[in-house]
Amino acid sequence: MMSCPLLAEQYKHMSNIIGIDLGTTHSAVAVVDSGFPIVLANAHSKRLTPSVVHYPSDQKAPKVGEEAVRMRTIAPDRTIYSVKRFMGRRSGDLSDREKEVDYSIQAAPNAPIQIQIGEALLSPEAVSAEILKSLKAAAESAMECTFERAVITVPAYFNDAQRQATIEAGRLAGLTVERIINEPTAAALAYGLNRLKDQSKIAVYDLGGGTFDITVLELNEGVFRVLSTHGNTCLGGNDIDQAILNHFLSVIRTQSEKIDVTQSEEALPRLREAAEQAKIALSTETTTTVELPFLTPDFHFKLELTREELQSIARPIIERTKQHCLRAISDAGIRSEDLDQVVLVGGQTRMPLVRERVSEYFQCSDFEETRGDVRLGDSFHTASGPELNTGQNPDEAVALGAAIQGAILTGEMSQMTLLDVTPLSLGIETFGGLMNVLIPRNSTIPAKAGEVFTTAVANQKEMLIHILQGEREKAADNWSLGQFVVSFEKAPKGVPRVGVQFEIDANGVLHVLARDIKSGKEQIVEIKSAIDVEDHKVTEMVESSVEHAMQDWDARRWIENKLKANDLLSAVTQSLSDCSEDLEPDYLELIQEKVDVLKGVLARENKENQSGDVDALKRAVAELDDATQTLAQIHLDKITAEYLTGA
Ligand code: ADP
Ligand code: MG
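Here, residues in each chain are numbered from 1, in the same order as that chain's written sequence. For naming, the first written chain is A and the first written ligand is 1, with later ones following in the order written. Local features in this predicted model are restricted to residues of pLDDT 70 or higher, and side-chain atom pairs are both shown and tallied only at a pLDDT of 80 or more, whereas totals for entire chains, interfaces and linings draw on every residue. The basis for every side-chain value is the complete set of non-hydrogen atoms in the structure, without hydrogens or water.

Here we look at the site of ligand 1
Here is step 1: Residues are classed as near a molecule or strand on a simple rule: at least one heavy atom within 4 Å of it. Surrounding ligand 1, one finds 18 residues, the nearest of these being His26, Gly209, Glu276, Lys279 and Ser283.
Here is step 2: The separation between an oxygen atom of ligand 1 and a polar main-chain atom of Gly209 is 2.7 Å.
Here is step 3: Take Gln348: an N or O atom from its main chain is 3.0 Å from an oxygen atom of ligand 1.
Here is step 4: Considered on its own, ligand 1 offers 580 Å² of accessible surface; in the complex 92% of this is hidden by protein.
Here is step 5: Here the element with the most residues in the shell around ligand 1 is helix α7 (residues 267-281); it accounts for three residues.
Here is step 6: Classes in brief: Ala, Val, Leu, Ile, Met, Phe, Trp, Tyr, Cys and Pro nonpolar; Asp, Glu, Lys and Arg charged; the others, Gly included, polar. Partitioned by chemical class, the residues of the shell around ligand 1 number one nonpolar, 13 polar and four charged. Any pair of nitrogen or oxygen atoms within 3.5 Å is treated as a polar contact; in protein, a donor-acceptor pairing is required on top of that, and neighbouring residues in sequence qualify only through side-chain atoms on both sides. A 1.4 Å probe and the Shrake-Rupley method give the accessible areas. Residues count as covered only by the protein chains that appear here. Put simply, DSSP H or I for four residues or longer makes a helix, DSSP E for two residues or longer makes a strand, and each gets a number counted from the N terminus.

Section: the sheet that holds strand β5 (residues 53-54)
Here is step 1: Any two strands between which DSSP finds at least two bridges are classified as paired. An order of β6-β5-β7 is seen for the three strands of this open sheet, with the pairing classed as antiparallel. Only two strands of the sheet have a single neighbouring strand rather than two, namely β6 (63-64) and β7 (79-80).
Here is step 2: Sheet topology note: the β5/β6 ladder contains two bridges and is antiparallel. By the bridge assignment for β6, His54 is matched with Lys63.

Re the packing of helix α13 (residues 549-579) against helix α16 (residues 629-644)
Here is step 1: α16 packs onto α13 with a crossing angle of 60° between their chain directions and a minimal axis gap of 10 Å. Taken as axis vectors, α13 and α16 run oblique relative to one another. Regarding α13 and α16, the two cross each other, and that crossing is left-handed. Touching Val572, Gln574, Ser575, Leu576, Asp578 and Cys579 of α13 are Leu631, Ile634, His635 and Lys638, all from α16.
Here is step 2: Taken together, the residues of the contact of α13 with α16 break down into five nonpolar, three polar and two charged. All axes are obtained by fitting lines to C-alpha atoms, using only the stretch in contact for helices, and the reported angles, taken between N-to-C directions, cover 0 to 180 degrees. Oblique is the label for any angle not covered by the other classes, which are roughly parallel (under 35 degrees), roughly antiparallel (over 145) and roughly perpendicular (65 to 115). Should the near helix be turned anticlockwise from the far one by less than a right angle, the crossing is left-handed, and should it be turned clockwise, the crossing is right-handed. Contacts were defined at the residue level, with two residues in contact if any of their heavy atoms lie within 4.5 Å.

What about the nonpolar core?
Here is step 1: We call a set of buried residues a nonpolar core when its members are Ala, Val, Leu, Ile, Met, Phe, Trp, Tyr or Cys and they connect through side-chain atoms within 4.5 Å of each other. Here's how the labels work: a residue is buried when its accessible area is under 20% of the maximum for its type, exposed when over 50%, partly exposed in between, all with a 1.4 Å probe on protein chains only. One finds Tyr205, Phe248, Leu271, Leu295, Phe301, Ile318 and Phe362 to be the most contacted residues of the largest nonpolar core, which totals 52 residues.
Here is step 2: When residues of this core are assigned to their parent elements, the largest contribution, eight residues, is made by helix α6 (residues 237-255).
Here is step 3: Not counting residues up to four positions away in its chain, the partners in contact with Leu295 are Ile252, Val261, Ser264, Ala267, Arg270, Leu271 and Phe301.
Here is step 4: Counting 42 residues, the second largest nonpolar core, distinct from the first, contains Ile113, Val127, Ala139 and Leu175.

Details of the pairing of strand β9 (residues 114-117)
Here is step 1: Residues Ile115 and Ile117 of β9 are buried on one face, while the alternating residues Gln114 and Gln116, pointing to the opposite face, are not.
Here is step 2: In this structure, strand β8 (residues 104-106) lies alongside β9, joined through three bridges in antiparallel fashion. Paired with Ile105 across the two strands is Ile115, which belongs to β9.
Here is step 3: The pairing of β9 with strand β10 (residues 120-122) spans three bridges and is antiparallel. Bridging from a neighbouring strand, Ile115 pairs with Leu122 of β10.
Here is step 4: In sequence, β9 turns back onto β10 through a hairpin of two residues, with Gly118 there showing a positive phi of about 55°.

Shown next, in the form of structure tokens:
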């Protein structure tokens, strides 16, 4: 609640929920004031606050933002940056490169990552809370009132554990996190407010310091709907900085074999900072000079870097976003010319090369800026392509969108609602080891779906509900999110009925409910820690599903037909043993022959990848089924007669 009685009249139209973009490299805070979303400046009059926290050795209060950045070269071991990459993650989730930071982290196997400052160990949530506290204070001083509620954004591919960690960081900062929303969705919301006509389709390309997201959205009569989302949480401007840094190091090596700056604790952070500064300068200049006096006591570093050189260093990194863009378009079921706009978000999209490449990926029609010296492919210019929307401040859109979402929640902007989607399919394992999808990938959330399952074996008295996430046909190829057992009364095969319901709430948390329909007994499991899921593997998962599509499809057809075949075989065996004396020897021989053919096809199964000749299997099943029609009738008559005579 806002507690500013004197100002209540003046600010009565202001939403009392702040919107926060808690970024890997920069964070920002915004509010909706009298219907207008605005980004608020910090004590240094800057609207972006570096997501850097310095812990002074004298136990004084931590410094955040600009002041902390200044300490990065002086006390790198007590100055934490890019903490977002550690949020809600365990050692096993992180690649070696991700663990490479200038401060110490504790990464015990399968335990949450901790940040080491001197003797003390801090959680990433606690470090992020310092950033949030500082943004909260900035907002309060700018608006002269208190804020206790916030909407915070996260990358679209953040898994549940990462979202929960973000909520916890908010709590530690004294904020109630009303909603977690995806960054590209927030950005789209910010752009959508004033720029789009109804019935538009847009793609949001967000390249920040440490994450990349691409999302396709549809705006229809004031309602946003996410059509698809893709991305990589380990791809961003930091990678370009690192590549420039590597370039610097190789230049230094050629300048003097004796100098090994990698041995100097201060030199590397200084070089990295210079690399980023050069990159930023080259967004507006065509050449820049990097100068670092006394990089080591007896070495001065000086280098001239041109935009062209930077582009050849950065190009392969930017190019890695292309496949995600193409896939997002195809997942949305559209072609790039169906898009009205491609919106650029994130500081890194200020780089001219990024704009040029993105406009080519989406075949944008109106891109003029850097055309002069680049050779463009034939397909580049299509009059009907989408417009490239670079916006004024690509790094502020996310915070603005978060504030707008806050205003939607308080009812101030009730004309707009916001829908999100699931990045991967969710389902359960069924008999035969197959994935049964309940909520397909890219479903709009909140989402709810259910199905009734039964047993495949007689006298079963419990059923394992194995919750899966992924795009592959076989359960084992997907990720396991958890499992639990539902028990019920012992009954013949196919009799027990268990209803399974999946519900994803507005924050993306999955609730699984299983109910034994006969007794009404139910069990609810909340999947909070999809912690073992490495979110950067989402992309790999989708890619592998495409790559293995044919093979997976064959496996599914094989397994389903095999189950049918086994059912038929056991029914035939039962009938034969019950009525063999009632059958003509010729008929018996015919059935035996068909049974042998079917068993033969099954025996030729490739056990390793559970596949086989599906067509031969289907033929053999059909022939046995045909041949045993008479047997089935005889069997049924016999059972009926026995029943009537009370046998
Ligand atoms: P995040 O969302 O990860 O916090 P931002 O949207 O703030 O990231 O983007 C930060 C990235 O943008 C950094 O890698 C930074 O170097 C880069 N960046 C910021 N301004 C520019 C610029 N003018 N030209 C090129 N890159 C820039
Ligand atoms: Mg960002």
